[in-house]
Amino acid sequence: MEMKAVVSCAGLLLLFVWLSPSQALYFHIGETEKKCFIEEIPDETMVIGRYRTQLWDKQAGSFLPSTPGLGMHVEIKDPDTKIILSRQYGSDGRFTFTSHTPGEHQICLHSNSTKMALFAGGKLRVHLEIQVGEHTNNYPEIAAKDKLTELQLRVRQLLDQVEQIQKEQNYQRYREERFRMTSESTNQRVLWWSIAQTIILIITGIWQMRHLKSFFEAKKLV
């Protein structure tokens, strides 16, 4: 797909800085707790998530690597709340999915702690890293597989980055279009509501005038 807009070198550099290679964080969950995260993703974009878990050890007073029997359930929903991934993984795992609808994707994780007496009433720390777009590519592996030189590999990386930037720009246009449609719809409703209020006021005024006229005529004041 050809790019419709020419992006300057300075703009490209700013976009490269803006697009972070990955998002890493950690959080704590209880044995029946479920944690969900919202990730805005363009369409036809690959996403890779990696996580590892640590179990709180009371004797050591710190978090230690989880036992093999402890697992995590990962569920991914697209912007239409359709489940695109629902799977049980181990204590450390990796999940992958490709977005087909642009927008906010919900990534939820919870443990199978009810099956683990060791974790009952305890606390679990989950380290989560999410990579989106071209950052999911393993370029050393690609270079070895396709026998690319350093220059060819760099060109490949730049092409992938430009493609991801184009997807991001398309997604921003999609968001702007939806916002514009929502604004126009809201303005139209406000306009029709104002017209309806005006009509009601006019009808009410006419009815009051006729009622008062009939009242005065009945009292022989007019």
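The structure presented is a predicted model; accordingly, all values stated were derived computationally and were not measured.

Engineer: Explain the environment of His 135 here, please?
Structural biologist: Structurally, His 135 can be placed in the loop between strand S9 (124-132) and helix H2 (139-146). Residues His 135 and Gln 161, spaced 26 residues apart in sequence, show a C-alpha to C-alpha distance of 8.7 Å.

Engineer: Is there a simple way to explain the packing of aromatic side chains in this structure?
Structural biologist: Centre-to-centre distance and the angle between the planes together describe a pair of aromatic rings. What the rule picks out here adds up to 2 aromatic pairs. Note on Phe 27 and Phe 37: the rings are 5.1 Å apart at their centroids and 55° apart in plane angle, and the pair reads as tilted. Within this pair, whereas Phe 27 is found in strand S1 (residues 23-29), its partner Phe 37 is found in strand S2 (residues 34-41), the two being separated by 10 residues in sequence. Residue classification places Phe 27 among the buried residues on the basis of a relative accessible area of 8%. On the basis of relative accessible area, Phe 37 is assigned to the partly exposed category, the value being 22%. Taking 6.4 Å as the distance between ring centres and 25° as the angle between the ring planes, the aromatic pair formed by Tyr 171 and Tyr 174 counts as stacked. Highlighted residues: Tyr 171 and Tyr 174, both in helix H3 (residues 150-218), separated by 3 residues, approximately one helical turn. With relative accessibility at 5%, the residue Tyr 171 sits in the buried group.

Engineer: Before we go on, may I ask you to explain the pairing of strand S7 (residues 92-99) in this structure?
Structural biologist: Residues in a regular strand point their side chains to alternate faces of the sheet. Of the two faces of S7, the one lined by Gly 93, Phe 95, Phe 97 and Ser 99 is fully buried and the one lined by Asp 92, Arg 94, Thr 96 and Thr 98 carries no buried residue. Across 8 bridges, strand S3 (residues 45-57) lies against S7 in antiparallel orientation. Residue pairing for S7: Gly 49 is matched across the bridge by Phe 95.

Engineer: What is the right way to look at H3 in this model?
Structural biologist: In an α-helix there are 3.6 residues to a turn, and that puts residues three or four apart on one side. For H3, which comprises 69 residues, the first-to-last C-alpha distance of 101 Å matches the rise-based estimate of 102 Å (1.5 Å per residue) to within 8%. Along H3, the residues that are buried comprise Leu 153, Gln 157, Asp 160, Gln 161, Gln 164, Ile 165, Gln 166, Lys 167, Glu 168 and Tyr 171.

Engineer: Can you walk me through the sheet that holds strand S8 (residues 103-111) in this structure?
Structural biologist: Within a sheet, adjacent strands bond to each other through the backbone by hydrogen bonds, running parallel or antiparallel. The strand order across the open sheet built from 4 strands is S2-S8-S5-S6, with neighbouring strands paired in antiparallel fashion. Each edge of the open sheet carries a strand with a single partner, namely S2 and strand S6 (83-89). On average, each strand axis in the sheet is tilted by 15° relative to the strand beside it, whichever way the strands run. Both strand S5 (residues 72-77) and S6 contribute to a ladder of 6 bridges, which runs antiparallel. Residue Val 74 lies in a different strand from S6, and its bridge partner there is Arg 87.

Engineer: How do you make sense of the state of the cysteines when you look at a structure like this?
Structural biologist: By definition, a disulfide links the sulfur atoms of two cysteine residues through a covalent bond. Taken as a whole, this structure holds 1 disulfide when the rule is applied. Note that Cys 36 is cross-linked by a disulfide to Cys 108, the S-S spacing being 2.0 Å. With the S-S dihedral at roughly 110°, the linkage between Cys 36 and Cys 108 falls on the right-handed side. With a gap of 72 residues between them, Cys 36 in strand S2 and Cys 108 in strand S8 connect regions that are remote in the sequence. Looking at Cys 108, the relative accessible area reads 1%, which means it is buried.

Engineer: Would you explain the pattern of salt bridges in this entry?
Structural biologist: Side chains bearing opposite charge may pair, as long as their charged atoms lie close to each other. Under the criterion given, the structure shown has 8 salt bridges. Salt-bridge contacts for Arg 175 lead to Glu 40; the nearest nitrogen and oxygen are separated by 3.1 Å. Here the residue Arg 175 occupies a position in helix H3, and Glu 40 occupies one in strand S2, the gap between them amounting to 135 residues. Its salt-bridge partner being Glu 163, residue Lys 167 comes within 4.0 Å of it at the nearest N-O pair. Residue Lys 167 and its partner Glu 163 are located together in helix H3, separated by 4 residues, close to a single helical turn.

Rules and cut-offs
Residues numbered from 1 in each chain as written. Predicted model: local features only at pLDDT ≥ 70, side-chain atom pairs only at ≥ 80, totals over all residues. Heavy atoms only, no water. Helix = DSSP H or I, 4+ residues; strand = E, 2+ residues; numbered from the N terminus. Phe/Tyr/Trp six-rings, centres within 6.5 Å; stacked < 30°, edge-to-face > 60°. Buried < 20%, exposed > 50% of the residue type's maximum accessible area, 1.4 Å probe, protein only. Pairing = 2+ DSSP bridges. Expected span 1.5 Å × (residues − 1). Axes fitted to C-alpha atoms, helices over the stretch in contact; angles between N-to-C directions. Disulfide = S-S within 2.5 Å. Salt bridge = Lys/Arg side-chain N within 4 Å of Asp/Glu carboxyl O.

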